[in-house]
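Now for the letters of each chain:
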Amino acid sequence: MLSEETQSSQLKLFDSIQREFTCFDDGSVRDSLGNFHTVWKVSDFQRWWLAFETHAGVPLGRKLMNAATDQEEYFLNESSLFDIGWFMKKKRLTALLNQRWQNMGWGQYTVAKSTVLSNILAPVCSGFALATLETLRTHRFKVQWRQVSNVQIQLETSDDPRSISVAPPPPHFDWDSKPTDYQPQQTQGLSLDLQMNEYGWSHSGEHSFLMPIGVLQRLFAAVNMQGLQLPSELLDAWEFPEDFNASHGLSLLLSSLAMDDMVSQSERPIYIQDLSSWGQLIEAYMAPFGFGSFASIRALDEQGGVEFELRPSSLLPLTLGFLVAFWQRGIGRKARVKMADKNGNWVFQITSFLEYAK
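Residues numbered from 1 in each chain as written. Predicted model: local features only at pLDDT ≥ 70, side-chain atom pairs only at ≥ 80, totals over all residues. Heavy atoms only, no water.

Here's the deal with the nonpolar core
- By size, the foremost hydrophobic cluster in this structure holds 100 residues, and its most contacted members are W40, F45, W48, F52 and W278.
- The residues touching F52, leaving out its near neighbours within four places in the chain, are L60, L219, F220, V223, L254, S255 and A258. (Core = buried A, V, L, I, M, F, W, Y, C linked by side-chain atoms within 4.5 Å. Buried < 20%, exposed > 50% of the residue type's maximum accessible area, 1.4 Å probe, protein only. Contact = heavy atoms within 4.5 Å.)

Some remarks on the sheet that holds strand β5 (residues 115–117)
- Taken together, 4 strands build an open sheet; the order of strands is β4-β5-β7-β6 and the sheet is antiparallel. Looking at which strands have only one partner, the edges of the open sheet turn out to be β4 (108–110) and β6 (141–147). With strand direction ignored, the average angle separating the axes of adjacent strands in the sheet is 20 degrees.
- Across the sheet, helix α5 (residues 122–137) is in contact with β4, β5, β6 and β7 (152–159); its angle to β6 comes to roughly 145 degrees. (Pairing = 2+ DSSP bridges. Helix = DSSP H or I, 4+ residues; strand = E, 2+ residues; numbered from the N terminus. Axes fitted to C-alpha atoms, helices over the stretch in contact; angles between N-to-C directions.)

A word on α5
- With 16 residues, α5 ought to run about 22 Å at 1.5 Å a step, and its terminal C-alpha atoms sit 22 Å apart, in line with that.
- In terms of burial, α5 is a largely internal element, 13 of the 16 residues being buried.
- At the C-terminal side of α5, T138 shows a positive phi close to 45 degrees. (Expected span 1.5 Å × (residues − 1).)

Re the packing of aromatic side chains
- Scanning the model with the defined rule gives 21 aromatic pairs in all.
- Ring centres of W101 and W106 lie 5.5 Å apart, and the angle between their planes is 90 degrees; on these two criteria the pair is classed as edge-to-face. Neither W101 nor W106 differs from the other in exposure class; each is buried.
- Seen in terms of ring centroids, W278 and F308 are 4.9 Å apart; in terms of plane orientation they differ by 80 degrees. Their pairing is edge-to-face. Of this pair, W278 sits in helix α9 (residues 275–286) while F308 sits in strand β14 (residues 306–310), placing them 30 residues apart in sequence.
- Seen from the ring of F353, K334 lies directly overhead, with NZ or CZ sitting 4.3 Å from the centre. (Phe/Tyr/Trp six-rings, centres within 6.5 Å; stacked < 30°, edge-to-face > 60°. Lys NZ or Arg CZ within 6 Å of the ring centre and 35° of its normal.)

A word on the packing of α9 against helix α10 (residues 316–331)
- Two numbers describe how α9 lies on α10: the axes approach to 12 Å, and their chain directions differ by 125 degrees. With respect to α10, the axis of α9 lies oblique. Crossing geometry of α9 relative to α10 is assigned as right-handed. On α10, the residues touching W278, L281, I282, Y285 and M286 of α9 are T319, F322, L323, F326 and W327.
- Residue classes in the contact of α9 with α10 are distributed as 9 nonpolar, 1 polar and no charged. (Parallel < 35°, antiparallel > 145°, perpendicular 65-115°, else oblique. Left-handed = near helix turned anticlockwise from the far one by under 90°. Nonpolar A, V, L, I, M, F, W, Y, C, P; charged D, E, K, R; others polar.)

Focus: the pairing of strand β13 (residues 296–299)
- Summarising the sheet, β13 and β14 pair through 4 bridges and their orientation is antiparallel. When the bridges of β14 are listed, I297 appears paired with F308.

Points about unusual backbone geometry
- For S114, which is not glycine, the phi torsion reads 50 degrees and is therefore positive.
- Its place among the elements puts S114 in the loop between β4 and β5.
- Classification of S114 as buried rests on a relative accessible area of 19%.
- The residue N343 is not glycine, and still its phi comes out positive at about 50 degrees.
- Inspection of the secondary structure assignment puts N343 in the loop between β15 (335–342) and β16 (345–352).
- The exposure class of N343 is exposed, given its relative accessible area of 76%.

Remarks on the side chain of R218
- When you line up the elements, R218 lands in helix α6 (residues 213–224).
- Buried charge R218 goes without a salt bridge, the closest partner of opposite sign being D70 at 4.8 Å.
- Within the local environment of R218, its side chain forms a polar contact with the side chain of Q71, the two groups lying 2.9 Å apart.
- Among all residues touching R218, those that are not within four sequence positions of it are A67, D70, Q71, Y74, P168, P169, P170 and P171. (Lys, Arg positive; Asp, Glu negative; His and termini not counted. Salt bridge = Lys/Arg side-chain N within 4 Å of Asp/Glu carboxyl O. Polar contact = N/O pair within 3.5 Å; in protein donor to acceptor, adjacent residues only side chain to side chain.)

Comments concerning the confidence of the model for the protein chain
- In this model, the protein chain carries a mean pLDDT of 91, and residues with pLDDT of at least 70 account for 96%.
- Across the protein chain, element-level confidence peaks in strand β3 (residues 36–41) with a mean pLDDT of 98 and bottoms out in helix α4 (residues 89–104) with 84. (pLDDT = per-residue confidence, 0-100.)

Description of the sheet that holds strand β2 (residues 29–30)
- Strand order in the open sheet formed by 7 strands is β8-β1-β2-β3-β11-β10-β9, with antiparallel pairing between adjacent strands. Both edges of this open sheet fall to β8 (186–189) and β9 (194–197), since each of them pairs with a single strand only.
- Summarising the sheet, strand β10 (residues 200–203) and strand β11 (residues 206–212) pair through 3 bridges and their orientation is antiparallel. For W201, the partnering residue across the bridge sits in β11 and is S208.

As for the pattern of salt bridges
- Evaluated as defined, the whole model comprises 9 salt bridges.
- As a salt-bridge pair, R146 and E156 come within 3.2 Å of each other at their nearest N and O atoms. One end of the pair, R146, is in strand β6; the other, E156, is in strand β7, with 10 residues separating them in the sequence.
- By relative accessible area, which is 43% here, R146 ends up partly exposed.
- Linking K342 and E309 is a salt bridge whose minimum nitrogen-to-oxygen distance equals 3.8 Å.

Here it is as structure tokens:
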């Protein structure tokens, strides 16, 4: 039985999250500034990240930290969160910082001790902490992180001679740069089965957190510059439009591969009987948590082949990743994915990679 004080704190946190984040009918979750966010189970993001880095074949932890740093710096500048008067400024800054981290499910960052207590991956929360430190001190720092325990991260900072400059907006890609007239409608506040815990919060008993999609956009941009070469057996299963940027296609493919590994390792029951099953999967696992949805769907064959129409969106690598992962798990076959342009939207045909007798 929760104490009255805990119940009150939990209710305040729930109300604060509800005020700041809203669900839309395109399957997105957006904050009051219109920025996209996704709700991840901590275990799911760890699986996704390990698979993403493994398939990329190169260490990317520092890239992920830099992406988190730049995105949080960008947010702090855009939101003017720390632009407050001089009266009791230090105390009020600490309260704002604690509220920000609590709302997001990131844990606790103590600036004075350079310590983070969090359930989420060290590169991610270290990046968020570095952005906060640099914003508060208006000074660049170099940082190294040390994992002291499974929840405690010690940051070791040193002066960086580079001048501080405003982080740019998240980059755009071929999949989200096309103009669209579609205006999504608000549906409800972010609905969570919320439980506070010592280092963040849980949804339905699972440690979870909010991830700004801008972090992944910046990560994809960094990966695109790596010049990675994936095995031909992976590339052969994907077909992109001729004018589609090849490096952008690589990010879509890597994200999808990682999502497939994540879904396979999770306990999600995936059943696909007909087209209506897809709407049920969207409502169960994707839209309420900001992972997107499809604009339309149609069957292609009697082997489970299906065509999704997706609107241009920064969520597209995650939305598509889920759809391909669900198809492979629900149909039980390796997927072939074909991407095409259709009236300003993107069409993805998912069919069996191998031919089966009818």
